[in-house]
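As a plain string of letters, each chain reads:
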Amino acid sequence: MDKRAAFRSWWLPSLFALPQIILILLFFYWPAVAVLRWAFTLEPPFGGAAEFVGFANFKEVFADPLYWNSVGVSLAFALCGTLATIFIGLVLALAVDRQLPGSAPFRFLYILPYAIAGPAAGMAFRFILSPERGLMASVNAAFPDFWNPAKYGSHALILVIVVFAWKWAGYTFIFLLAGLQSVPRSLIEAAAMDGCGPIRRAVDIQIPLLAPTLFFLLVIMMTEGFVGADTYGIVARTTDGGPNHGTDVMVYRIVEEAFRGLNYSGASAQSLVLIGLIMIFTFIQFRFIERQVHYK
Amino acid sequence: MADIAIRAVRKSYGKNPTLHGIDLAFASGEFVVILGPSGCGKSTLLRMIAGLEEITSGEIAINGKVVNRLEPRERGCAMVFQNYALYPHMTVAGNIGYALKVAGVPKAERLRRIEETAKIVGLSDYLDRKPAALSGGQRQRVAMARAIIREPNVFLFDEPLSNLDAKLRVTMRAEIRKLHQRLSATSIFVTHDQVEAMTLADKLVVMNKGVVEQVGQPLDIYHRPASIFVASFIGSPAMNLFDAAVDVDNACLTFGGTKMVIDRALAVRLGARHITVGIRPEQCVVAPEGVSIKVDFIEELGSGRVIHSELNGHPFAATVDEHTRARPGDRVTLELPLAHLHLFDQETGRRIEIDLAPRAARNSASQQTLQAV
């Protein structure tokens, strides 16, 4: 069936499309082209003629040990954050999917954190997990420095991952619950008749059938962890990339260099590297992990 | 092998009662078919026996042991689901052997039993396939094999044949019957198809609207339906039911301008009232005298034909042999033998246990008892 709407003139459809086209040009293609240009030129911080420098920006970026530190931090953040969000979302979804009496309000409550902006959640957790006044303060009183994200990079990284997981678990929860609800109830009943308890059913029946959803979330959450707006917002409001670059994820570093350091060229080069990295990761995921996924 | 007792079992969803007190007892090794229209609660009852549905009140005992609080896995039942419920990500062998895997049976023994079971249902060549690569009948077999391998005390079948095409359904029906003879485990089979029910059952339970209408052997139920519902539900084409008045003074039943003479003593016992009279289409006989009906249309069955008509405002069907020629619009005279009439109380819908043609008279039923007015 041909459902195309027929327009007699060319200008009317163009007019309809124009707002969208302007938005895309203005906020997507123009910046993208600018980044591409800046990455290969030396862009003066306060305007003026740019000078073409070839790959010099990239050489400088790769020569910087702090850059490689931020790549490592980003990898750790994205991997741990992704696994934590998916695991928590999965456990919550499995629990809610059992539809035990009184479980309905939880379906709503578990989604709620997703509605909160990352930076706000970050601020809240700075207080909740503050070493002097927060939940861990009593532990710190007994074991000094058991938890101190202001002092140890590893603790700070755990802190931002916790915030990320807290916020995004609600998101994976929605998808996983929807996935679980599309698993025919009779399969679960058949497994119950075959002698499975709830955990065995989850591992043997539900999770394998959720594979497409899990794979989708893996790709989405990895991308979110690397370049998501929340990743920047959480780090900026919670740890400021510190202590000692311990939470200096790639997006944070890029924004800091560009808008505080006014090093547009270096930041642009880093952006291109980050995009390349995400493409490689997504390729690996599709190439090696998707093969294990059965869609039907 | 296990006997099953169902005592005063009720089920309600919230405030809606779906089962209103079911009492049934099944002997060990019996093949029980629960028959009823959709929504009558038959599947709910089966799922309560399986442990998939909570029992609101009453109790169910398997082998003398009350199972109300037991998990499905502790009840020793195996179930074949309507949509087969095969695990799509496992091979046929994986599906069949899953219960053993869960039970921790060692791999070698498991494989041996999978092979054995697959042979019983004729799936030996398909063990490595996924369910998606099987036909409907093969999936059905996998579902049965999955139940068989557990050597259960009780087999539960939840409308297992309703997704198959007509021909395959007949074949699978025969296979299920053979399987039962071989394993002789107590089997409970839920269906809405009365042909399936008649052919499979040792004991037939007819349910309607959450109550048991009648329990008995299929033929008994066919010959002596306990209520108007059972009479209309069992038999194909369905039993003709029409309204008749008992005339005690003249000792006859009157309906649609016809008088049917009955024994005076029986007429007195019935009393002057309106009753519902039933007769099966296959028991109507074309005769020189009797009830005259106008043919509306004819269904050809090959071995015979069904004349559809109307009597006293109710649809009326009669099965006649292939030599009876009739066209739409023709009039046909049918004899309705007294011995084959079923009488029902109009208020309760229950059968009136009066035999219009006592046994002695039955052989001479050809004696004319009908007269056209």
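Quantities reported herein were computed from a predicted structural model and do not represent experimental measurements.

J.: What's the story with the overall build of chain A in this structure? I'm lost.
T.: If you tally the helices and strands in chain A, you get 13 helices and two strands. Here the C-alpha coordinates of chain A stretch approximately 75 × 75 × 35 Å along the principal axes. Classification of the 296 residues of chain A by burial places 43% in the buried group. Just so you have it, chain A exposes about 16500 Å², and 71% of that area is on carbon and sulfur atoms. Distance between charge centroids for chain A: 8 Å, based on 20 positive and 18 negative side chains.

J.: Sorry if this is basic, but what is going on with the overall build of chain B here?
T.: Check the secondary structure of chain B and you find 10 helices and 21 strands. Principal-axis analysis of the C-alpha atoms places the extent of chain B at approximately 80 × 45 × 40 Å. When burial is assessed residue by residue, chain B has 52% of its 373 residues classed as buried. The contacts of chain B with a sequence gap of at least 6 include a subset with a gap of at least 24, amounting to 67%. Summing over all exposed atoms, chain B offers an accessible surface of approximately 17000 Å²; the carbon and sulfur share of this is 48%. One finds the centroid of the 45 positive side-chain charges in chain B at a distance of 7 Å from the centroid of its 41 negative side-chain charges.

J.: I'm lost on the sheet that holds strand S4 (residues 57–62) of chain B in this one. Help?
T.: Strands pair in a sheet through their backbones, by hydrogen bonds, and they do so in one of two ways: parallel or antiparallel. Residue and element names in this part refer to chain B. A sheet is described by the order of its strands in space; here four strands give the open sequence S2-S1-S4-S5, paired in antiparallel fashion. Edge positions in the sheet fall to strand S2 (16–26) and strand S5 (65–66), since each of these pairs with one other strand and no more. Relative to S5, S4 is paired through two bridges, and the arrangement is antiparallel. The residue bridging isoleucine 62 from the neighbouring strand is lysine 65, located in S5. Each of strand S1 (4–13), S2 and S4 is contacted by helix H1 (residues 42–50), which is oriented at about 115° to S1, the strand it contacts most.

J.: Just to check I follow, could you spell out unusual backbone geometry for this structure?
T.: With the exception of glycine, most residues fall at negative phi, and the peptide bonds are largely trans. A cis amide bond links B:Ser236 with the next residue in sequence, B:Pro237, at an omega value of -5°. Along the chain, the position of B:Pro237 falls in the loop between helix H8 (228–233) and strand S11 (240–247). The phi angle at A:Asp240 is positive, at roughly 55°, despite the residue not being glycine. Mapped onto the elements of the fold, A:Asp240 is located in the loop between helix H11 (229–238) and helix H12 (250–259).

J.: Sorry if this is basic, but what is going on with the pattern of salt bridges here?
T.: One side chain can pair with another of opposite charge once the charged atoms of both are near each other. Applying the stated criterion across every chain yields a total of 24 salt bridges over all chains. Among the ionic pairs, A:Lys167 bridges to A:Asp230, the shortest N-O distance being 2.7 Å. A residue pair is termed long-range when its members are at least 10 positions apart, and A:Lys167 in helix H7 (residues 153–181) and A:Asp230 in helix H11 qualify at 63 residues. Under the relative-accessibility criterion, A:Lys167 is labelled buried at 7%. A salt bridge links B:Asp345 to B:Arg273, with the nearest nitrogen and oxygen atoms 3.1 Å apart. Taken as a pair, B:Asp345 in strand S20 (residues 342–345) and B:Arg273 in the loop between helix H9 (264–270) and strand S14 (274–279) lie far apart in primary sequence, 72 residues in all. For B:Arg273, a relative accessible area of 30% puts it in the partly exposed group. Overlapping salt bridges, with partners in common, bring together A:Asp64, A:Asp248, A:Arg253 and A:Glu257 in one network.

J.: Before we go on, may I ask you to explain the domain arrangement of chain B in this structure?
T.: For interface size, the figure often reported is the accessible area lost on association. Residues and elements named next belong to chain B. Here chain B is described as being made up of domain 1 (4–231) and domain 2 (237–372). Placing a centre on the C-alpha atoms of domain 1 and another on those of domain 2 gives a separation of 39 Å. Taken together, the nine residues of domain 1 in the interface contact 12 residues of domain 2. In this assembly, domain 1 packs against domain 2 so that about 1000 Å² is buried in total across both faces, 46% of it on carbon and sulfur atoms. On inspection of domain 1 and its partner domain 2, the count reaches two salt bridges. Of the charged contacts, one joins arginine 350 and glutamate 213 as a salt bridge, the two residues approaching to 3.6 Å between their closest N and O atoms. The tally of links between domain 1 and domain 2 comes to seven residue pairs in polar contact (both at pLDDT 80 or more). Looking at the side of domain 1 that touches domain 2, the elements that each hand over two or more residues are helix H7 (218–223) and H8. Per-class residue counts for the side of domain 1 that touches domain 2 are five nonpolar, two polar and two charged.

J.: I keep staring at the interface of chain A and chain B and nothing clicks. Help me out?
T.: With 17 residues of chain A at the interface, the matching set in chain B holds 23 residues. Buried surface at the junction of chain A and chain B, both sides included, amounts to about 1800 Å², of which 61% is carbon and sulfur. It is A:Glu189, A:Met193 and A:Asp194 in chain A that bury the most area against chain B; as a group they hold 39% of the surface buried on that side. Applying the counting criterion to the chain A and chain B interface returns one salt bridge. Between A:Glu189 and B:Arg47 there is a salt bridge, with its nearest N and O atoms 2.7 Å apart. For the side of chain A that touches chain B, the secondary-structure elements that each account for two or more residues are helix H8 (185–193) and helix H9 (198–209) of chain A. Sorting elements by how many residues they give to the side of chain A that touches chain B places H8(A) first, with seven residues. Here the residues of the side of chain A that touches chain B are counted per class, giving nine nonpolar, four polar and four charged.

J.: Would you mind showing me how to read helix H10 (residues 211–227) of chain A here?
T.: It helps to recall that an α-helix has 3.6 residues per turn; residues three or four apart then point in one direction. Here H10(A) spans 24 Å end to end across 17 residues, near enough to the 24 Å set by a 1.5 Å rise per residue. With respect to burial, H10(A) is a largely interior element, 13 of its 17 residues being buried.

J.: Honestly, the side chain of B:Arg113 in this entry has me stumped. Any pointers?
T.: All names here are of chain B. Within the secondary structure, arginine 113 is located in helix H3 (residues 107–121). On the basis of relative accessibility, which here comes to 15%, the residue arginine 113 falls in the buried class. Among the polar contacts made by the side chain of arginine 113, one reaches the main-chain carbonyl oxygen of isoleucine 149 at a distance of 2.7 Å. Beyond its immediate chain neighbours, meaning those up to four positions away, arginine 113 contacts Leu100, Ile149 and Glu151.

J.: What is the right way to read the nonpolar core from this model?
T.: Note on soluble globular proteins: their nonpolar side chains tend to be buried together. Judged by nonpolar contacts, the single largest core of 51 residues is most densely connected at A:Phe77, A:Leu176, A:Val249 and A:Leu274. For this core, the leading source of residues is H7(A), giving 12 residues. Within the second largest apolar cluster, 45 residues are counted, among which are B:Val92, B:Ala93, B:Ile96 and B:Ala145.

J.: Would you take a moment to explain H11(A) for this structure?
T.: Residues and elements named next belong to chain A. Burial analysis of H11 places seven of its 10 residues in the buried class, the great majority of the element. Taken residue by residue, H11 has Asp230, Thr231, Gly233, Ile234, Val235, Ala236 and Thr238 as its buried positions. Those residues of H11 that are buried are in contact with helix H3 (65–97), helix H5 (118–128), H7, H10 and H12. Two residues or fewer past H11, aspartate 240 is found with a positive phi of approximately 55°.

J.: I'm lost on the environment of A:Leu176 in this one. Help?
T.: All names here are of chain A. Mapped onto the fold, leucine 176 is located in helix H7. The class of leucine 176 is buried, set by a relative accessible area of 0%. Placed 82 residues apart in sequence, leucine 176 and leucine 94 show a C-alpha to C-alpha distance of 8.3 Å.

Definitions and cut-offs
Residues numbered from 1 in each chain as written. Chains lettered and ligands numbered in written order. Predicted model: local features only at pLDDT ≥ 70, side-chain atom pairs only at ≥ 80, totals over all residues. Heavy atoms only, no water. Helix = DSSP H or I, 4+ residues; strand = E, 2+ residues; numbered from the N terminus. Buried < 20%, exposed > 50% of the residue type's maximum accessible area, 1.4 Å probe, protein only. Areas by Shrake-Rupley, 256 points an atom, 1.4 Å probe, with all protein chains shown as cover. Lys, Arg positive; Asp, Glu negative; His and termini not counted. Charge placed at Lys NZ, Arg CZ, Asp CG, Glu CD. Contact = heavy atoms within 4.5 Å. Pairing = 2+ DSSP bridges. Axes fitted to C-alpha atoms, helices over the stretch in contact; angles between N-to-C directions. Salt bridge = Lys/Arg side-chain N within 4 Å of Asp/Glu carboxyl O. Domains from an automatic or database assignment. Buried area = accessible area lost by both parts, 1.4 Å probe. Polar contact = N/O pair within 3.5 Å; in protein donor to acceptor, adjacent residues only side chain to side chain. Nonpolar A, V, L, I, M, F, W, Y, C, P; charged D, E, K, R; others polar. Expected span 1.5 Å × (residues − 1). Core = buried A, V, L, I, M, F, W, Y, C linked by side-chain atoms within 4.5 Å.

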